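Letter by letter, the chains look like this.
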Amino acid sequence: MSPARRSFLLWLLAMLAGAAIVWHSRFTADMSFFLPSKPTAEQQVLVDQLKEGAVARLLMVAISGGNVEQRATLSRDLRGRLGKMPEFTSVQNGQSGSESADRDFLFKHRYLLSPSVRPERFTVDGLKDAISNSIDLLASPAGMMLKPLLTSDPTGELVAILSQLNAGAQPDSRAGVWASRDGERAMLLIQTHALGSDTDGQETAIQLIRQQFAESRAASGLSDARLTLSGPGLFAVNSRATIKDEVSQLSLISSIAIIAVLFFVYRSLRLLTLGLLPVVSGALAGVVAVSLAYGTVFGITVGFGSALIGEAVDYSIYYFVQSSRMGVDAWRERFWPTIRLGVLTSISGFAALLFSGFPGLAQLGLYSLAGVLTAALVTRFVLPQLAGTTIERRDLTPLGHLLERSIGQVQRLRWPMLVLAIAAATTLYLDRDSLWNPELSALSPVSQADQQVDLALRADMAAPDSRYLVVINAADQETALQMAERTGLQLDRLVESGQLGGYDSPTRFLPSQLSQAQRQASLPSSDELAPRLKTALQDAPLAASKLDRFLADIESARRQPEITPASLAGTQLALAVDAMLLKHAQGWSVLLPLRPPQDGSAMIDAAAVRAALTGDTAGQVLFIDMKGEFDKLYNDYLHEASQLSLAGLAIIVLLLAITLRSPRRLGRVLLPLILAVLIVIGGLHLLGERLHLLHLIGMLLIVAVGSNYALFFDRADEATGPDPETLASMLVANLTTAIGFGTLGLSNVPILHAVGVTVGPGAVLALLLAAIFAPRGTAG
Amino acid sequence: MIKRLFAGLILAALTIPALAAFDLGQLMGELARHKGGKARFVEKKYLAVLDKPVVSSGEMSYTAPDRLEKRTLMPKVETLLLDKDMLSIEREKQKLTINLSNQPEALAFIDSIRGTLTGNRAALEKNYALFLSGNLDKWTLTLLPSDQKIAALVQRITVSGSKNQIRSIEYLQADGDRSVMSIEPIDNR
């Protein structure tokens, strides 16, 4: 077998194996792109909430159009349709019915649920106090609703239970169903069976809602009714669609543009095909590496591919254009070391990202590293074998000569460019406080429009702002609930002192077995209770003889089976407990959402809460400010990314220093790159871009990618400068790189956009500046 | 024939003085001119289940046209504030706010007081049939619910007063329980 055939077969085998791996890879577009790979305990809560939390399974739906009655009818109809489907665990629209089920449950289990049930409650004095309090309550306008309950609940246990609950935040209602604040839309709250991280499941659920609404609308004949939907699930589905669309569109655009450039240069279909070989191999190798290392491939990572195409195609351009006159062996000797150094600097840049705790960034790093390395290896070892020695292509020498002459012209720009860079640096320094976007949401692919709809629906729904949470971890459910009860007592003190507006707890509906047993043991027998009641009510306006139902209820409560999660089935309380009591691999977690104090500040004093949560449960009880955690997470990423970028830069400088062995040459290679970074970032800032961590990564990539050009100028003969072929190959390579990264700038996905707008112009500037600051002798 | 004439005479005797001296429009006009003020109240609730009435007392103030505050001092401090359609009740550390536009029955109930206070005849007649007796110095206005849903809660509301001052409000509930609130203006001039 000839060496060419052997190389080709080896390459083909590798490609087929790669394709097989890619075929079985899992592609995803969910939020885990942004979630830390090694989370702290607090961040783990964020991760769990986003993946499995009840909030991530909620969809908010608004129906507009028609009149109040028509909207209410549609809302009821939609609830009826969706409520029967297994895809939804709950569909709420404020219709009464479910509320009475809740009340029945609370009333039936009042003696197990009420925190006031203690032995003292049922002594003569305790009864006297509790009953006279209930009678006082009857004097109040609020108490009149309780009048029918007086004879069966004279101690007011239901009131004690209800007064713990947050009655404030409820959506408005119109015509018997929930409505928006202005009354113009009917509102529903839907919980999906699918987890928040199950984007396919969320998509199915959303389609079902839309389809059922369309049918319901058709049945009612209300053609102008419209459905608006929002929630984490919709975000996930839309982001995935956006990324999918953009990845295919941008790859197509950059591929066509690059192929057009290559065809102009090669004028040969064979060379064009061969020229794309390293790129295709690189892209495939990138996906394979990520898939093998991480199990799943993020859509955004693949989107990065179009940029990689532009970068990796350079090597074959250098090879074809530069080797045409001198032959393969001379090319290897003269140019390969320079290209190899360029490849190494690019790889150093990408490798720095590998160490990121931001999984998205680490994947981008691995993908690019594997891609560039493969493309370079294929160019070096496979391409010459396949291309053979006779390479017929368009003669680019005239272009090279033209470039040689223009270098002399552009070198007059040395001072203006220096001034421009200094101006950019000054601007950046002066505006250093407002350069960066401090929020993780800056990276989120969720569109501004979607976010606004979400905000509006959330306000209409009076949806809870689950920003502040206390999280309790324990090995089993009973311990978790007991700890939640103890923590509740600590939080009660904060509520009392006004530092906290209130909090929710699953133990309100599902107390620990211990509490239930203690409460049950507090209940006296009828024989004990009856005489006490008589004594207690001697001077009261309520005759003991009217309280037979009370005696009977206490008696049956003494033998009542304890409340388990199963006893809550069919009530909305089950939903609440579900949301706050989570089982996971390591055990159980209880979430206690906190409400800010009613002074309108909407902020909770974190230090006060942390101080209150000390004691025997310390360590297993965490206070979490979700927004704060997200911002902290982003700041950690940003901090880490700047360290990694500096490390990457340091490796690149070290690599160049070792190879060039001359501070003067090192300075000459680095100067154009640093000026390019300054001018690009200054320009982006002036155009109003808020920088985030991907811009930072982009800066590193400008240095990594741009060093190729500076090295070619550096390696050239000091007296004559690079030969025309080399100049032409650099221009073509630069064009394809700029196209590859530039198309990313068109993306609506912030991560891709940021890299595109930074590296695209950065690469062009790097070449231009490398030419401007090339040794004077080059002017020819 | 004589019977009909007799009946006619009685009717005329009943209506003519009312028409001539005092009618609903006149009372409403008087009430509408009242711009607000402060009063002490004592409310007694007679409940079948209790042997003695529950008594509460406190102060209330009214600012035309749509702000009514009722501060109960005995037996427990409690504040009820009606501002336009927002009703809030504050008791001990608890605060409950209800948007009445969501609760048509409660709104009708509230309108019986508010409509009387503001002299808004249209608002009252939306939910009640009105019967007036007495004269300007001592009048009694009876409201009978015309809506089934309201009638299921309250049988009859009787408001009595003198000139533009309401002196007592009595609610007779559908289950026979009854509450009487007597109002004593505080002269705040």
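For the structure, check the block above.
Here the residue numbers are simple positions, counted from 1 along each chain's written sequence. Whichever chain is written first becomes A and whichever ligand is written first becomes 1, with later ones labelled in order. Given that the model is predicted, a residue must reach a pLDDT of at least 70 before its local features are reported, and side-chain atom pairs must reach 80 or more before they are shown or counted; all residues, however, enter totals for whole chains, interfaces and linings. No hydrogens and no water enter the side-chain calculation; it runs on all heavy atoms of the structure.

(A) Inspection of the overall build of chain B at higher detail. Counting from the N terminus, the helices are the DSSP runs of H or I reaching at least four residues and the strands are the DSSP runs of E reaching at least two. Secondary structure assignment for chain B yields 5 helices and 11 strands. Buried positions account for 39% of the 189 residues belonging to chain B. Excluding contacts between residues fewer than 6 apart, the proportion of contacts in chain B whose partners are at least 24 apart in sequence is 34%. Methods summary: accessible areas were calculated by the Shrake-Rupley approach with a probe of 1.4 Å, and residue burial reflects only the protein chains presented. If you sum the accessible surface of chain B, you get close to 10700 Å²; carbon and sulfur atoms cover 58% of it. Burial classes: relative accessible area under 20% of the type maximum marks a residue as buried, over 50% as exposed, and values in between as partly exposed (1.4 Å probe, protein chains only). The contact definition used throughout considers only heavy atoms, calling two residues in contact when any of these lie within 4.5 Å.

(B) Seen up close, the overall build of chain A. When you go through chain A residue by residue, the secondary structure sums to 29 helices and 13 strands. What the globule rule says is 2.2 Å times the number of residues to the power 0.38, and the radius of gyration is computed from C-alpha atoms. For chain A, the C-alpha radius of gyration of 35 Å lies well beyond 28 Å, the compact-globule estimate for 780 residues. Reported as C-alpha extents along the three principal axes, the dimensions of chain A are approximately 115 × 55 × 50 Å. Burial statistics for chain A: of 780 residues in total, 56% are counted as buried. Taking the intrachain contacts of chain A between residues at least 6 apart in sequence as the baseline, contacts between residues at least 24 apart amount to 82%. For chain A, the exposed surface amounts to about 32700 Å²; the carbon and sulfur share of it is 60%. Seen as two clouds, the 63 positive and the 68 negative side-chain charges of chain A have centres 7 Å apart. When charges are counted, Lys and Arg contribute as positive and Asp and Glu as negative, whereas His and the chain ends are disregarded. Each charge is placed at NZ for Lys, CZ for Arg, CG for Asp and CD for Glu.

(C) Molecular detail of the pattern of salt bridges. All names here are of chain A. The salt bridge definition used is simple: a Lys or Arg side-chain nitrogen within 4 Å of an Asp or Glu carboxyl oxygen. Scanning all chains against the criterion turns up 31 salt bridges over all chains. Across the salt bridge formed by Arg 110 and Asp 553, the nearest N and O atoms sit 2.7 Å from each other. Highlighted residues: Arg 110 in helix α5 (residues 110-113) and Asp 553 in helix α22 (residues 548-559), separated in sequence by 443 residues. Arg 558 is the salt-bridge partner of Glu 555, the closest N and O atoms lying 3.8 Å from each other. Highlighted residues: Glu 555 and Arg 558, both in helix α22, separated by 3 residues, approximately one helical turn. Classification of Arg 558 by relative accessible area gives partly exposed; the value is 33%.

(D) Region of interest: the interface of chain A and chain B. On the side of chain B, 25 residues touch chain A, which itself brings 24 residues to the contact. When two parts are brought into contact, each loses some accessible area as probed by a 1.4 Å sphere; the total of that loss over both is the buried area. Carbon and sulfur atoms make up 53% of the surface buried where chain A meets chain B, a total of about 2100 Å² over both sides. Of all residues in chain A, Ala 139, Lys 147 and Pro 541 of chain A give up the largest surface area on contact with chain B, accounting jointly for 25% of the area buried on that side. Seen at the junction of chain A and chain B, the total is 4 salt bridges. Residue Lys 546 of chain A is joined to Asp 51 of chain B by a salt bridge in which the shortest nitrogen-to-oxygen separation is 3.7 Å. Between N or O atoms, a polar contact is any pair within 3.5 Å; within protein, one atom must be a potential hydrogen donor and the other a potential acceptor, and residues adjacent in sequence are included only when both atoms are from side chains. Applying the counting rule to chain A against chain B returns 8 residue pairs in polar contact (both at pLDDT 80 or more).

(E) Summary view of the nonpolar core. Residue and element names in this part refer to chain A. To define a nonpolar core, start from buried Ala, Val, Leu, Ile, Met, Phe, Trp, Tyr and Cys residues and group those joined through side-chain atoms within 4.5 Å. Among the nonpolar cores identified, the biggest contains 136 residues, and Leu 693 and Leu 694 are the most heavily contacted of them. The dominant element in this core, judged by the number of residues it contributes, is helix α27 (residues 693-715), at 16 residues. With residues up to four places along the chain from it excluded, the contact list for Leu 694 reads Leu 361, Leu 364, Leu 443, Ile 751, Ala 754 and Val 755. Core analysis: the next-biggest nonpolar cluster, separate from the first, contains 35 residues, Tyr 468, Val 470, Leu 500 and Val 609 among them.

(F) Quick peek at the packing of aromatic side chains. All names here are of chain A. Aromatic contacts are taken between Phe, Tyr and Trp rings whose centres are within 6.5 Å, Trp giving its six-membered ring; a plane angle under 30 degrees counts as stacked, one over 60 as edge-to-face, and the others as tilted. Tallied over the full model, the rule gives 10 aromatic pairs over all chains. Relative to Tyr 637, the ring of Phe 358 has its centre 4.4 Å away and its plane inclined at 15 degrees; by these criteria the two rings are stacked. Of this pair, Phe 358 sits in the loop between α14 (336-354) and α15 (359-387) while Tyr 637 sits in helix α25 (residues 626-660), placing them 279 residues apart in sequence. When sorted by exposure, Phe 358 lands in the same class as Tyr 637, which is buried. Aromatic rings pair up to connect Tyr 266, Tyr 319, Phe 320, Trp 331 and Trp 336 into one cluster. Two conditions define a charge sitting above a ring: the NZ of Lys or the CZ of Arg must be within 6 Å of the ring centre, and it must be within 35 degrees of the ring normal. Lying across the ring of Trp 336, Arg 380 places its NZ or CZ 5.9 Å from the centre. Looking at Arg 432, its charged tip hangs above the ring of Tyr 429, at a distance of 4.3 Å from the centre.

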